[in-house]
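Notes for the structure review
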Amino acid sequence: MSAGGDGSQARPGISTDAGAEATRELRIGMTAALSAYLLWGFAVVFFKWVEHLPVWEIVANRIAWSVVFVGLFLFVRGRFGEVRAALATPKVRMALVVSTLLIATNWTVYIWAVTNAQVLPASFGYFINPLVNVLLGFLLLGERLTRNQSVAVGIAAVAVAIQALMLPGFPWISLTLAFSFGFYGYIRKLTPVGASPGLFIETAFLLPVALAYIAVLGANGEGHLFTAPLTSLQLALTGIVTALPLILFAVGARRLKLATIGLLQYLAPSIQFLLAVLVYGEPLSPIRFATFALIWLSLAIYTADSWRKRG
């Protein structure tokens, strides 16, 4: 009787402990992922704060300080073995060279857009990015599109076409951001390396060029890194602004369902959109608003379809 009684009490205890642990992991995952997307969204505020600095100097410092902060994170976590393993594999090394060029392009265009009052086109690019990912999966990975996904991609194409034909200038900012990040995600999806080790390698590849550029600016008296304490702090913070949300995202992605991550990814461009219109006063013409409305419709269709498939 006593053995049976102990067993009957142990099972509920184990179940309760497991449930409490699962709840805790879910809470940690949601907090981390939500924090990551909030930081990515409000990064606009940070880069507006440094818009008085040249774009290339911001990018160069972002690269250099990312190496420092991501490197510190990997050192503390004892994960430099992942870096060595990735670099020892020629295919992985070559793939990371390509992803390096893509993320450098994405960073440069994004920073240029923010510092030149083009936050709305930037947010539009990140809104269409999930649909670009679907399109790349269809074209490059042979993934089949459902009818709803085809409709969503078609509506997004119409929105882009309207911007190209009815607004001044070609929507190069939106398309460059969407496709550079889309191809970056595609390359990293096929490359067996973690997010943080991968980012460390990518920024390390760019580090010699970044340091050379910073040194030339300093030698010519045009650099800002050591001109004033506040400016030095601003440039150093570019590394934290880059590394912290990525680390938080990795923590969240390990603990949350893909469907949840899929919904949260719209938070960052939504924040960018609201900041552009309500804080920075970027003009939202009826035509541009109509294209955003089409994108929101396409994302609603795509998200509903994703939830249905994963449910």
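Every value quoted in this text rests on a predicted model; they were computed, and no experiment measured them.

1. Some thoughts on helix H5 (residues 119-140)
- Compared with an ideal rise of 1.5 Å per residue, which puts 22 residues at 32 Å, H5 spans 30 Å between its outermost C-alpha atoms and is within 8% of the ideal.
- Taken as a whole, H5 carries its principal kink of about 40° at Asn-129; the proline Pro-130 stands between one and four residues after it.
- Counted residue by residue, H5 has 17 buried out of 22 residues, so it is predominantly covered.
- A positive backbone phi angle near 70° is found at Gly-142, which sits one or two residues after H5.

2. Overview of the packing of aromatic side chains
- Inspection of the entire model under this criterion finds 19 aromatic pairs.
- Between Phe-273 and Trp-296, the aromatic rings sit 5.2 Å apart at their centres with planes inclined by 85°, giving edge-to-face as the arrangement. Of this pair, Phe-273 sits in helix H11 (residues 267-279) while Trp-296 sits in helix H12 (residues 286-310); the two residues are 23 residues apart in sequence, bridging distant segments of the chain.
- The buried category is assigned to Phe-273, whose relative accessible area is 10%.
- Chaining the aromatic ring pairs together yields one cluster made of Phe-46, Phe-47, Trp-49, Tyr-110, Tyr-126, Phe-181 and Tyr-184.
- Positioned above the aromatic ring of Tyr-280, the side-chain terminus of Lys-48 is 4.9 Å from the ring centre.

3. Examining the pattern of salt bridges
- Using the criterion set out here, one finds four salt bridges in the structure.
- Across the pair Glu-25 and Arg-24 runs a salt bridge whose closest N-O atoms are separated by 3.5 Å.
- Close ionic contact of Glu-202 with Arg-188 constitutes a salt bridge, the shortest N to O distance being 3.0 Å. Of the two residues, Glu-202 is situated in helix H8 (residues 195-219) and Arg-188 in helix H7 (residues 172-189); the sequence distance between them amounts to 14 residues. Each member of the pair, Glu-202 together with Arg-188, is buried.

4. Concerning the packing of helix H2 (residues 55-77) against helix H4 (residues 90-115)
- Contact pair H2 / H4: the axes reach a minimum separation of 10 Å and the direction vectors enclose 130°. Viewed along their axes, H2 and H4 adopt a mutual orientation that is oblique. Seen from above, H2 lies across H4 with right-handed handedness. From H2, Val-55, Trp-56, Ile-58, Val-59, Arg-62, Ile-63 and Ser-66 reach across to H4, where they touch Trp-107, Thr-108, Ile-111, Trp-112 and Thr-115.
- Grouping the amino acids of the contact of H2 with H4 by side-chain chemistry returns eight nonpolar, three polar and one charged.

5. Let's talk about the nonpolar core
- Counting residues in hydrophobic clusters, the biggest one holds 74 residues, and the most contacted among them are Phe-47, Tyr-110, Ile-111, Phe-124, Ile-128, Leu-177 and Ile-295.
- Top contributing element to this core by residue count: H4, with twelve residues.
- Ignoring sequence-local partners within four residues, the contact set of Phe-47 consists of Ile-58, Arg-62, Tyr-110, Ile-111, Val-114, Thr-115 and Val-241.
- If you look at the next biggest cluster of nonpolar residues, it comprises six residues, including Ala-33, Tyr-37, Ile-261 and Leu-264.

6. Some remarks on unusual backbone geometry
- Unlike most non-glycine residues, Ala-117 shows phi in positive territory, near 55°.
- With respect to the helices and strands, the residue Ala-117 is situated in the loop between H4 and H5.

7. Re the confidence of the model for the protein chain
- Residues with a pLDDT of 70 or more make up 94% of the protein chain, whose mean pLDDT is 89.
- Within the model, the stretch residues 1-8 combines pLDDT values under 50 with zero contacts to residues more than four positions away or in other chains.

8. Things to note about a nonpolar patch on the surface
- Side chains of Phe-138, Leu-139, Leu-140, Leu-141, Phe-179, Phe-183 and Leu-190 sit close together on the surface and give an oily, nonpolar patch of about 600 Å² of accessible area.
- When contributions to the nonpolar patch are tallied by element, the ones reaching two or more residues are H5 and H7.
- Take the nonpolar patch: its biggest share by element is three residues, from H5.
- As for its position among the elements, Leu-140 is in helix H5.

9. Points about helix H6 (residues 147-166)
- A rise of 1.5 Å per residue sets the reference length of H6, with its 20 residues, at 28 Å; its end C-alpha atoms lie 28 Å apart and thus fit the reference within 8%.
- Those residues of H6 lying buried are Gln-149, Ala-152, Val-153, Ile-155, Ala-156, Ala-159, Val-160 and Gln-163. What you see down the axis of H6 is that its buried residues fit within an arc of 160°, all on one side. Those residues of H6 that are exposed and aimed more than 90 degrees away from the buried face are Arg-147, Leu-165 and Met-166.

10. A word on the side chain of Thr-291
- Tracing the backbone shows Thr-291 in helix H12.
- In this view, Thr-291 contacts Phe-124, Ala-159, Ile-162 and Gln-163; residues no more than four positions away in its chain are not counted.

11. Considerations on the side chain of Ser-66
- With respect to the element layout, Ser-66 can be found in helix H2.
- Other than its neighbours up to four places away in sequence, Ser-66 contacts Asn-61, Gly-71, Trp-107, Thr-203, Thr-238, Gly-239 and Thr-242.

What counts, and at which threshold
Residues numbered from 1 in each chain as written. Predicted model: local features only at pLDDT ≥ 70, side-chain atom pairs only at ≥ 80, totals over all residues. Heavy atoms only, no water. Helix = DSSP H or I, 4+ residues; strand = E, 2+ residues; numbered from the N terminus. Expected span 1.5 Å × (residues − 1). Bend = angle between axes of the 7 residues up to and from the residue. Buried < 20%, exposed > 50% of the residue type's maximum accessible area, 1.4 Å probe, protein only. Phe/Tyr/Trp six-rings, centres within 6.5 Å; stacked < 30°, edge-to-face > 60°. Lys NZ or Arg CZ within 6 Å of the ring centre and 35° of its normal. Salt bridge = Lys/Arg side-chain N within 4 Å of Asp/Glu carboxyl O. Axes fitted to C-alpha atoms, helices over the stretch in contact; angles between N-to-C directions. Parallel < 35°, antiparallel > 145°, perpendicular 65-115°, else oblique. Left-handed = near helix turned anticlockwise from the far one by under 90°. Contact = heavy atoms within 4.5 Å. Nonpolar A, V, L, I, M, F, W, Y, C, P; charged D, E, K, R; others polar. Core = buried A, V, L, I, M, F, W, Y, C linked by side-chain atoms within 4.5 Å. pLDDT = per-residue confidence, 0-100. Patch = residues over 30% accessible without salt bridge, like charges linked within 9 Å, V, L, I, M, F, W, Y side chains within 5 Å. Areas by Shrake-Rupley, 256 points an atom, 1.4 Å probe, with all protein chains shown as cover. Arc of directions from axis to C-beta.

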